[in-house]
Structure formats: structure tokens, C-alpha cells
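# Commentary on secondary and tertiary structure
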4 protein chains.
Amino acid sequence: MSTTPTFKRLPRAVREQQMLDAAVKVFSRRGFHAASMDEIAEDAGISKPMVYAYLGTKEELFVACLHREGTRMMEAIAGVINPEMPADQRLWHGLRAFFRFVAAHRDGWVVLYRQARGEQPFAGELAVMRARMVEVVAGMLDRALRADGREVREIDLEIQAYALVGASESLADWLADRPDADPDQLAARMVNIAWLGAGQLLSGEVWRRPTEG
Amino acid sequence: MSTTPTFKRLPRAVREQQMLDAAVKVFSRRGFHAASMDEIAEDAGISKPMVYAYLGTKEELFVACLHREGTRMMEAIAGVINPEMPADQRLWHGLRAFFRFVAAHRDGWVVLYRQARGEQPFAGELAVMRARMVEVVAGMLDRALRADGREVREIDLEIQAYALVGASESLADWLADRPDADPDQLAARMVNIAWLGAGQLLSGEVWRRPTEG
Amino acid sequence: MSTTPTFKRLPRAVREQQMLDAAVKVFSRRGFHAASMDEIAEDAGISKPMVYAYLGTKEELFVACLHREGTRMMEAIAGVINPEMPADQRLWHGLRAFFRFVAAHRDGWVVLYRQARGEQPFAGELAVMRARMVEVVAGMLDRALRADGREVREIDLEIQAYALVGASESLADWLADRPDADPDQLAARMVNIAWLGAGQLLSGEVWRRPTEG
Amino acid sequence: MSTTPTFKRLPRAVREQQMLDAAVKVFSRRGFHAASMDEIAEDAGISKPMVYAYLGTKEELFVACLHREGTRMMEAIAGVINPEMPADQRLWHGLRAFFRFVAAHRDGWVVLYRQARGEQPFAGELAVMRARMVEVVAGMLDRALRADGREVREIDLEIQAYALVGASESLADWLADRPDADPDQLAARMVNIAWLGAGQLLSGEVWRRPTEG
DNA sequence: CATGAATGAGGCTTCATTCAT
DNA sequence: CATGAATGAAGCCTCATTCAT
């Protein structure tokens, strides 16, 4: 209220970003249902009707947040991965970018991961993004295995990928609650866990469950 | 018209369970906010004031759901673990019990995992249960490592445990959406992934990140 | 506020009638859109949520008004018509009942005739009632004509009936704006107009339009 | 980018007609309240502030529609009536012009008849036009009767005229919903009904109501 | 002249929660 | 013990209307 004078009559594109910023923040803090359009508008420094005019319904607004944050995250990761890298390098750079993104956009991550999951209407939206990510990871594993002359059943790959993605998400979540943790270190640890596990897979070593019922 | 019908007037404990059943079902289907006390009461076959009289506020009701489902899950797992088993057996039995629970109580799992996480007031409640689980897993890993003469920094253990729990949750979630998947098979796969990763940890093998900044 | 003490906790049936009374009054005075649920609730001496609980949406409430008033009117008319009367008697008694109803339920009439017509969602509802009435009138004319040995094309009957109904509605509308007009006299005049017109029809006399294009 | 395109900057009068066209269309389709200034402006291919600058408030805009359509209709009718025609010819030409107008300007008719009637603020406006029409019809009847040497009480004339106008409106409404009906045929039928009824009036024949109370 | 940007105000609807019977 | 009746509060959304460019 005392520092930067708030300008009026900004162009649409600017206002839309302001609104999305506010929306991500409020959704992240309160959750989809508990968030109020009033608070979002106020936080964006604009009146409610503008939010509706530019970004539509509360649901549409949430989807817009989802898309923006999801795209940003995907791009952050895709931007550092190069198909010519060896697999462990791809994993390392990808995870590091991922954890860095989470550390830098905690709100966005919370919106994507904690909120979207719980709210029925968006589970689908999120599932698509998640599936894409799982697919990418599975593909990475698959190529690494084939390069090594080994073949694995699709379902095994999918599950392995799901576990890996789930572990990463869990750690991201852990990171989101610890403002001073170092994302790079976390990435290194995660690579360690994932890569060594995958290494076993590569070497064909398998744990066998006892035969009892 | 004057004799009270005998099938009503159930003892309080029974009624409470009916209500909790209904509540878990509705919360699971709709999410905390979207769920209405009306629907819960109707689903429980009882009038709203009774719900309030027995289980209190909507928030308290949700917490009660959380506790019941959480306790059930914990007990299901604890019931099959025996401290004298070797570590891989403990992991196997624990995970199998966990996935079996999820497969048999999808609604409860959804309440615990998908809903409680997103809604601020309960994140804390859940975090406690989660932390307890992580601690148990970390302890398991720690003892295994110490038994092998190796020592690992606490933070490494915590992260490894977080990853393991996260991977398991992710697979549980995968399972919750696939009614005909076999929990035992999934448990076996997860043990495979986890144990082999841990094996590397045990053997002291480590992936080193490149030295660039 | 000073005369009859307003009782609380009235049974549902009573409250519903109170609400419908208020709704008819307010809709009639303001029109569907301009009427506010607040005003209706206040006028009914009850809070808004009760209106929603008992009678649903604003649209549903309006339809309920339509049905109640429409049914009342139909019954008022049907109650005095006897199939064994000669046709002119049926017309006379029917019209008299109709105008009496309008005089006694001005609000109801306005809701039915002036409001429902203009508002798209209800045009259909109303059209059905109107069509029923037209059909009845057409049937009445048809029987009178056949009894006289004459046959008329269906379309002619329909149009004749439409004109008759339209004329009556117009006069009803005239009546609704003149609180001290006498409905019985108006009915007599209308019978005169209608019956004599029909008399010409009976006698087969026809006006021929000039042959120019 | 610097030369102003020539196809814009239409003269004011043209722009106003475009706006009125759009307004009539939208009001007719949605009704006064449900119509939005946004839709009208968009449909007119012009920005909202222009609408306000040229035609004022929403209410004023609606009144402008009413006046234009009402005037057009009146003129269409007046243009074909000649005071020297015999009465039945005047009736025939007038009604034909009326039904032709309705068939050709369904939207305008709906605005005039269905919408304006229901919305309180305009009922007055419309009543004036309607009264003028009734007066004209009554005058026509009066002269025909006087020419025949008969005198009728003013109230009887008014009611007869109201009935006639009401019947015509009802048929016009019937016509507005039947795009392929022939207005000329309808006019002929209406003349038939009206003229023969009036004929009875002329001949002094009267239906007498029973003497019971 | 023309318009994109902006908002105050108000209406519909729902819900958690409580009272009086 | 049990419930139908009742409500305060709050949220989403839309719209007529006006500025500032």
C-alpha cells in the first residue's frame, strides 16, 4: 500500500498472469473448495468480475492453474534432458530440474500434487499429466534395459515407473515442507536410490517371495 | 403405533460404526468439502441431529474417520510383522498387508491418502501417522544396516524411508483405481524394487554425481 | 405484526401453501426475473433455505405456482360444467366461472397469463394448459355443429377456438385491471359475442373475401 | 494501420437501426431481463459503450424497440385502411396487414406482445398502444352500427373491441409459432368470425342469460 | 468516435448447525 | 432418544454501467 503504486488498466495478458499467480497461491494455501473467489480476486488486486471475464469459472480457473504449473514443470524438466545423454545422466538432470522446480514453486507444486488429487473433477486432468510422466520414465528404463540386452514385461516396467515417480513425488512433498533443504542434494540421493535399484533390475537379480499362501 | 419397534434403538457403538461407514463412503466419493452432512446422515439411515450428537462437527467426524481408518491400517500391518523375522520378511509381510488393506478398503484409503492430504485442517493429523510409518521403515532399514556393520547418516535413512513409503503409496493409489489387480503380486513387485535398492545401500555401492556446479 | 401472532414450526403442508401464496403474489407483481427469492421468502414469513428445501429452485417454484393456479382455474371451470347441459349453457357457466376466478385471483391470473408467456422456460408448460383449453372449446363447438348436422374442417375449428380463447383471455386481462368490474356481466357479454358468432357458423353463413390477390 | 477503413464510421442513423435490429432480436429470444447488453452489443457488431451513447439505458433501449416495432405495425395497418371503404373491407385489409406484419416480423411481435406485457415497467407503454388500437376498432364498429341506425352503449363497444383485438392477438401469436402458416388465410378466417359476430350485433339479436342469480 | 478494462451491486443457491417437539 | 423444522452465513456468478485510453 505504500511502496509500488498499483497501476490501473493493465493489458489483459498481464492481468491474467497476476490472477493465475494469486489463484495458485490461494488454492495452494486453502485447497480448492475452501478457496474463495473473493480472496483470489483481492489477492490479485482486481475485482471478481474481471477474474470471471478473463479466466472463467472457479473450476476453469483451477484447471488454468493446473495447466500453467504443469506445463512449467514439464518444460523445466524437458529443457535439461537430452536424448543423447546416458541414462543415468538423464535421470540425474531430470530429477534435479524437478526438485529445483518444486523448491522454487512450492505453491504450484502443492496445487498440482496435493489439491488436484483429492478433488474429483481434476483427478482426470492430473492423471493425464502423471501418466505422461510415468510413460517417459518407463521409456527411459526400457531403453536402458534393452541396451543391456534384457527385456522386461510391460506391466513390470509400468509398476517400476510408478514406484519411481511416487518416490520422487513423496520426496518433493517432503521438500515442499522444508524451505531450507537443498534440492540438488535431494536429487542426488534420489538418483542413488533409483539408479541402484534399476541396476539390480539390469543385472537380472530378483527377490523371490516365500511360497506360502 | 405405540410399541417401539425392536429393530431400532441399536446400541450406541453400533450406530457410531454405521455413521462412520457412511461418512467414509461419502467423504471418499465427494471429498471433504463437497460432502454434505445431509448425504452422510441419509446414507447412514439416521437423522442429522443424531450424527451431531454422536460424532460432533463435520471436522470432528472427518477426524474420526481418519483415526478409524488409520488405526485399522496400522493394525493390519502391525499384526503380521514380527520383530524376529529377517528384514526382507518383515518388508514382504508388511507390504502385503498394506496392499491387501488398500484393496479391501478402497474408500478408507482414498479418505486417508487423497482427501486428508489436500485439506489443510487434516494435513497435520495425517502427517503424524505418516511420520510414524516413515519412522518404522527407517528403523527397519537402520537395524538391517547396523546388523551388516554399516552406519548411515540419519538424514539418508529418513530420505530412503520417505522414498520407500512414497513409492508404496503411489502403487497403493494405482491399486485403488484397478479393482481387479492382485495386491499380493503388487507387494512382491514392490519388495523386489525396495529390497534390491536397499541391497545396494547395504553393500555400500553409491552413484556419484558429476562434479559440475 | 400486531394482530395474529406468527406461529413457528408449522407443518410442511401449511408452509408450502404460505410460500406459494407469497410466490404468486411476488411473481405477479414483479415478473419472474425481477422477483427475488428474498422477497418471496420474506413475504412468506420464512427464511430462504426453507423455500429451497420445500419447493426447490426459483424455476421450480414458478412452475409450482403455475400448476397450482392452473389447476385451481381448471377445476373452478370444470366444477360448473355438466356435459348434459346444452352448449350455450356450458359456455355461459364455463365463462362465468372463468371470469369469476380471474376476478378473485388476479395475481394468479397474471402469473399464468402475463408472466408465463413471456419467459421462455415456461412457455411450454403454459402452452400445454392452453392447448387443453382450446381443445375443450373446439370439442364443444364441434359437438354443437355436428348436432346440427354440419361438419367443419379441423383447422377451422382450431382457429375458431383459438380466437374464442384469445378473446376471453383478453377480457380477463381487462378485468384483472378493473377491480370493480362485474365478472358475471362480462361473462354474459362474452357469451353473447361468442354464441352469436357461433350461431352464424351453425347457420352456414360465411363472409367471402374479395378475389383480388 | 493509419488510414481509417471506410466501411466503419457509418452515419448515426444507420448504426442506431443496426442496434435496434440486434436488440429486438435478442429481447425477443431471451426476454427483457435475460437479455444482456453484452449480447446485444455483440450481435450489433459494436462495442457496449456505443450502445449506451446512442440509445441509453437498457430500459430506454427496450422502449426504443417497443416504439419502433409498434410504430411500424401501426403504420403497416394504417397504410392500407381507407376511411371510405365499407366496414368489412376495412376490417379485412386491416387484419390482413396485421397478420402479414406479424408473419414478417415475428421477433418484433414477440417483443411487443409477449415480453412487454410481462415486464412491469413497460406494461404502461404497451397499454397505450393497445388502447389506441381498441379505440380504432371500437370506432369502426360504432360507425357501422350508427350507419345502420342502431346505438350501442360505450361499454359494450369497448368490450366487443377488446374481444376482437384479443382474438386477433391470440391468432397472431398462433401464427408467430407456425412459420409456414398463411397470414392472408388467417386474416380471412378472422374476418369471418368477427364480421359474422358483428352482424348479429347489427341485427340486434341477443343471447339472454338465464335469470338465476 | 470507439473500445478494452474495470467494478459495485445484487441474486441464486447451499450448507453446517441448532431448536422445539 | 429421535427428528422435522428452521436459519445465519457465505459462496459463486452475472450484469448494467462507466472510465481512461
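Note that this is a predicted model, so its numbers are computed, not measured.

Scoring rules and cut-offs
- Counting restarts for each chain, with residues numbered from 1 along the sequence as it is written.
- Chain letters start at A and ligand numbers start at 1, both assigned in the order the entries are written.
- Reporting in this predicted model follows two pLDDT cut-offs: at least 70 for local features of residues, and 80 or more for side-chain atom pairs to be given and counted; totals over whole chains, interfaces and linings ignore these cut-offs and use all residues.
- Calculated side-chain values reflect all of the structure's heavy atoms, with hydrogen atoms and water omitted.
- Secondary structure follows DSSP: runs of H or I at least 4 residues long count as helices, runs of E at least 2 residues long count as strands, and numbering of each begins at the N terminus.
- Distances are taken per atom, and a residue is near a molecule or strand as soon as one of its heavy atoms is within 4 Å of it.
- What qualifies as a polar contact is a pair of N or O atoms within 3.5 Å, subject to a donor-acceptor requirement within protein and to the restriction that residues adjacent in sequence count only when both atoms come from side chains.
- Note on aromatic pairs: the rings of Phe, Tyr and Trp (six-membered ring only in Trp) are paired at centre separations within 6.5 Å, and the planes decide the class, stacked below 30 degrees, edge-to-face beyond 60, tilted for the rest.
- Here the term buried applies to any residue with accessible area under 20% of the maximum for its type, exposed to any over 50%, and partly exposed to those in between, with areas from a 1.4 Å probe on protein chains only.
- Contact definition: two residues touch when any of their heavy atoms are within 4.5 Å.
- Note on terms: buried area is the combined drop in 1.4 Å-probe accessible area of two parts once they are placed together, counting the loss on both.
- What counts as a salt bridge is simple: a side-chain nitrogen of Lys or Arg found within 4 Å of a carboxyl oxygen of Asp or Glu.
- Charged means Asp, Glu, Lys or Arg here, nonpolar means Ala, Val, Leu, Ile, Met, Phe, Trp, Tyr, Cys or Pro, and polar covers whatever is left, Gly included.

## Details of the environment of Asn192(C)
Positionally, Asn192(C) belongs in helix H9 (residues 183-203). As for Asn192(C) and Asp88(C), which are separated by 104 residues in sequence, their C-alpha atoms are 9.7 Å apart.

## Structural notes on the protein's contact with DNA strand E
As a matter of local geometry, DNA strand E sits amid 35 residues, with Arg9(A), Arg15(A), Pro49(A), Lys48(B) and Arg9(C) nearest to it. Protein-adjacent atoms of DNA strand E, using a 4 Å cutoff, are sugar or phosphate at a proportion of 56%. Contact distances for DNA strand E include 3.0 Å between a phosphate oxygen and a backbone N or O atom of Leu10(A). The contact in question runs from a phosphate oxygen of DNA strand E to an N or O atom on the backbone of Ala35(B), over 3.0 Å.

## Overview of the packing of aromatic side chains
All names here are of chain D. Counting across every chain of the model gives 36 aromatic pairs over all chains. Taking 5.7 Å as the distance between ring centres and 25° as the angle between the ring planes, the aromatic pair formed by Phe-27 and Phe-32 counts as stacked. Ring centres 5.1 Å apart and planes at 70° place the aromatic pair Phe-32 and Phe-62 in the edge-to-face group. Taken together, the positions of Phe-32 in the loop between helix H1 (12-30) and helix H2 (37-44) and Phe-62 in helix H4 (residues 58-78) put the pair 30 residues apart, joining distant regions of the chain. Comparing Phe-32 with Phe-62, the two get one shared label, buried.

## Describing the environment of Ile81(A)
Residue and element names in this part refer to chain A. Within the secondary structure, Ile-81 is located in the loop between helix H4 (58-78) and helix H5 (87-104). Along the sequence, Ile-81 and Leu-91 sit 10 residues apart, while their C-alpha atoms lie 8.4 Å from each other. Every residue in contact with Ile-81, bar those within four places of it in the chain, is listed here: Arg-90 and Gly-94.

## Regarding the interface of chain D and chain C
Each partner contributes residues to the interface: chain D has 51 residues there, and chain C has 51 residues. Contact between chain D and chain C buries roughly 4500 Å² in total, counting both sides, with carbon and sulfur atoms accounting for 56%. Applying the counting criterion to the chain D and chain C interface returns six salt bridges. Residue Asp156(D) pairs with Arg189(C) through a salt bridge whose shortest N-O separation is 2.5 Å. The tally of links between chain D and chain C comes to 17 residue pairs in polar contact (both at pLDDT 80 or more). For the side of chain D that touches chain C, the element with the highest residue contribution is helix H8 (residues 154-176) of chain D, accounting for 13 residues. Taken together, the residues of the side of chain D that touches chain C sort by class into 19 nonpolar, 14 polar and 18 charged.

Just distances and angles here, no functional claims.
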